Amino acid sequence: MRRLVSMLKLTDVSCKQAGKLLFLRVVSKTGEAMGMNMISKGCENMLRYMSSLNVFEDMTILSLSGNYCVDKKASAMNWINHRGHSVTCDVTLTAHTINTVLKTTSTALMELNTCKNHVGSSLAGCIGGNNAHAANIVTGIYLATGQDVAQAGTSSMAMIIMDCLENGGLYVSCTMPCFGIRNSWWWDFTICTEK
């Protein structure tokens, strides 16, 4: 794959079998590019090479992407293994700011976060949806910077954690393990083949 595109660096290939189907998950580092076209061409080249070896005589390529890459979808695989950049940001809000600007208390905010973002999202079966509409912010960033807006589905998976402080303030953190943006994008792709 590296011969095909100089920016593409293969980092991992994993396989998952389902009946007579074999799904390959190819993970690559793509330099400054988002890399979707680059990795597609690399995977296609890899499949041609595998076919030319005549080792896999009964192999039929069904699709270049078998959705095992989980592109543009929230999934447990992306939540656990990451996709793109893993980003964490945090802020400490003072009691004064919480009371005068937000017109509430740190205890009320923390309870709301627990009930809505964690319990409510869990009851709904959300994967990486423990947040208050991160997709809106991610989509805004993507529109403003010319990114692929369809990546917002994966990139908006987030977890918000809040801790009350003894002085009445509030510590808030947001972790986004799958934030996709151009620049050292880790890209994975799935090749669906039939044995």
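Residues numbered from 1 in each chain as written. Predicted model: local features only at pLDDT ≥ 70, side-chain atom pairs only at ≥ 80, totals over all residues. Heavy atoms only, no water.

Draft legend 1. Region of interest: the nonpolar core. Ranked by internal contacts, the top residues of the largest apolar core, which has 14 residues, are Val-138, Met-162, Leu-170 and Met-176. It is strand E7 (residues 170–179) that provides the largest number of residues to this core, a total of 5 residues. With residues up to four places along the chain from it excluded, the contact list for Val-138 reads Ala-152, Ser-155, Ser-156, Met-176 and Phe-179. Listed in part, the 10 residues of the second largest apolar core include Val-26, Met-38, Cys-43 and Met-50. (Core = buried A, V, L, I, M, F, W, Y, C linked by side-chain atoms within 4.5 Å. Buried < 20%, exposed > 50% of the residue type's maximum accessible area, 1.4 Å probe, protein only. Helix = DSSP H or I, 4+ residues; strand = E, 2+ residues; numbered from the N terminus. Contact = heavy atoms within 4.5 Å.)

Draft legend 2. Summary view of the packing of aromatic side chains. Under the criterion given, the structure shown has 2 aromatic pairs. Pairing Phe-23 with Tyr-68 gives two aromatic rings, centres 6.1 Å apart and planes at 55°, and the pair type is tilted. Of this pair, Phe-23 sits in strand E2 (residues 21–29) while Tyr-68 sits in the loop between strand E3 (60–63) and helix H2 (76–81), and the two are 45 residues apart along the sequence. Of the residues examined, Phe-23 reaches a relative accessible area of 16% and is grouped as buried. Against the face of Tyr-68 rests Arg-25, its NZ or CZ located 6.0 Å from the ring centre. (Phe/Tyr/Trp six-rings, centres within 6.5 Å; stacked < 30°, edge-to-face > 60°. Lys NZ or Arg CZ within 6 Å of the ring centre and 35° of its normal.)

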